[in-house]
Amino acid sequence: MKLTNRRNFLKLLLISSSLLVLGRLSISEMQHAQNGLTPFGSWYVVQYSQIVPDILLNNYVLTVDGDVENPVQLTYQNLLTMPSIEVKDTIQCVSDPYFLRANVVWKGVPLSNIIEIVKPKPSVIKVVGYGADGYTADLPIEKANDPNVLVTYMADGKPLPQVHGYPVRLSVPGWWGYTYIKWLVRLHFTSKNILGYWESLGYPDYAKK
Ligand SMILES: Nc1nc2c(c(=O)[nH]1)N[C@H]1C(S)=C(S)[C@@H](COP(=O)(O)O)O[C@H]1N2
Ligand SMILES: [Mo]
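Residues numbered from 1 in each chain as written. Chains lettered and ligands numbered in written order. Predicted model: local features only at pLDDT ≥ 70, side-chain atom pairs only at ≥ 80, totals over all residues. Heavy atoms only, no water.

## Examining the sheet that holds strand β2 (residues 72-75)
Rule in force here: Paired strands, in this sense, are two strands between which DSSP finds at least two bridges. Each helix is a run of DSSP H or I of at least 4 residues and each strand a run of E of at least 2, with the numbering of both proceeding from the N terminus. Inter-axis angles, ranging from 0 to 180 degrees, are taken between N-to-C directions of lines fitted to C-alpha atoms, where helices are fitted over the stretch in contact.
The strand order β2-β1-β10-β5-β6 describes an open sheet built from 5 strands, whose pairing is mixed. Looking along the sheet, the strands with just one partner apiece sit at the ends: β2 and β6 (136-140). Recorded for the sheet is a direction-independent mean angle of 15° between the axes of neighbouring strands. Two elements, strand β1 (residues 61-66) and β2, share 4 bridges in a ladder whose sense is antiparallel. Bridge pairing in β2 links L62 to L74.

This is the structure in structure tokens:
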């Protein structure tokens, strides 16, 4: 195929697939889309393996450990009782051609509040997060202290859909999607320069968009 033909073909493909998506929206989803938010639960899914962890709320524990004075284990109930904020954000995959992004209002506990509780040692430079699927991503401690970085348990006013990390994920406004660890079960503070999954494969460790 000639390049121009290929472009037109791709354009047609994009137009027809967006019409398909629009055709599927209900009225409330259309209103949602008008508010600049992605229809609830229908935003893109990216994950490095086939595993979609099935976590029961009663079994959920977030382990916060490593080079800290006060390691803690937080249940889902613990998280719900902690001060929370809402942050409007666009989650975007680093390999987004145009559709791997979504506008979402996250609700959760600022990671900076949890940092105040666990008291990392002065030597700490990184927080490494683990998903229940074995995924990892790291944040430099400066970004972890950004007040908009949330240990998130709601998206657009509802519990997170399972494919998007139920019951708890990280959201890291301003940084690439690979830092938004889904099914978050552990936050490990370290004085070593540990890299997460995509970071160790060469994606920026300082993942600012
Ligand atoms: N546990 C876990 N979290 C993960 C991933 C993963 O494979 N496992 N993929 C990351 C990547 S690359 C992106 S772009 C976002 C996508 O989030 P979404 O599927 O909710 O849109 O999740 C991130 N968090
Ligand atoms: Mo991604």
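Picking up where we left off.
## What about the site of ligand 1?
Quick reminder of the rule: One heavy atom suffices: a residue is near a molecule or strand as soon as one of its heavy atoms comes within 4 Å of it. Polar contact is defined as a pair of N or O atoms within 3.5 Å, subject to the rule that within protein one atom must be able to donate a hydrogen and the other to accept it, and that residues adjacent in sequence are counted only when both atoms are side-chain atoms. Note that accessible areas follow from Shrake-Rupley with a 1.4 Å probe, and for residues the cover is restricted to the protein chains shown. Basically, the charged four are Asp, Glu, Lys and Arg, the nonpolar ten are Ala, Val, Leu, Ile, Met, Phe, Trp, Tyr, Cys and Pro, and anything else, Gly included, counts as polar.
Neighbouring residues of ligand 1: 19 residues in total, closest Y44, Y48, D133, H164 and K182. With respect to ligand 1, the side chain of H164 contributes an N or O atom lying 2.6 Å from an oxygen atom. The contact in question runs from an oxygen atom of ligand 1 to an N or O atom on the side chain of K182, over 2.5 Å. Protein contacts shield 99% of the accessible area of ligand 1, which totals 530 Å² for the unbound molecule. Residue classes in the shell around ligand 1 are distributed as 13 nonpolar, 3 polar and 3 charged.

## Details of the pairing of strand β10 (residues 184-190)
For the record, the criterion: Throughout this description, buried means an accessible area under 20% of the type-specific maximum (1.4 Å probe, protein chains only), exposed means over 50%, and partly exposed covers the range between.
Among the 7 residues in β10, 5 count as buried, and that is most of the element. Two strands pair when backbone bridges link them, and β1 and β10 are joined in this way by 4 bridges, in the parallel orientation. Looking at the pairing, T63 lines up with R186 of β10. Bridge analysis of strand β5 (residues 126-131) against β10 gives 6 bridges, and the strand direction is antiparallel. Within β10, the residue paired with G129 across the bridge is L187.

## Structural notes on the pattern of salt bridges
Our working rule: Here, a salt bridge means any Lys or Arg side-chain nitrogen found within 4 Å of an Asp or Glu carboxyl oxygen.
This structure, assessed with the given rule, holds 5 salt bridges. Note that D205 and K126 form a salt bridge whose closest N and O atoms lie 2.8 Å from each other. Of this pair, D205 sits in the segment after α6 (197-200) while K126 sits in strand β5, and the two are 79 residues apart along the sequence. D205 sits in the partly exposed class, given a relative accessible area of 23%.

Fair warning: the whole summary comes from geometry, so function is off the table for now.
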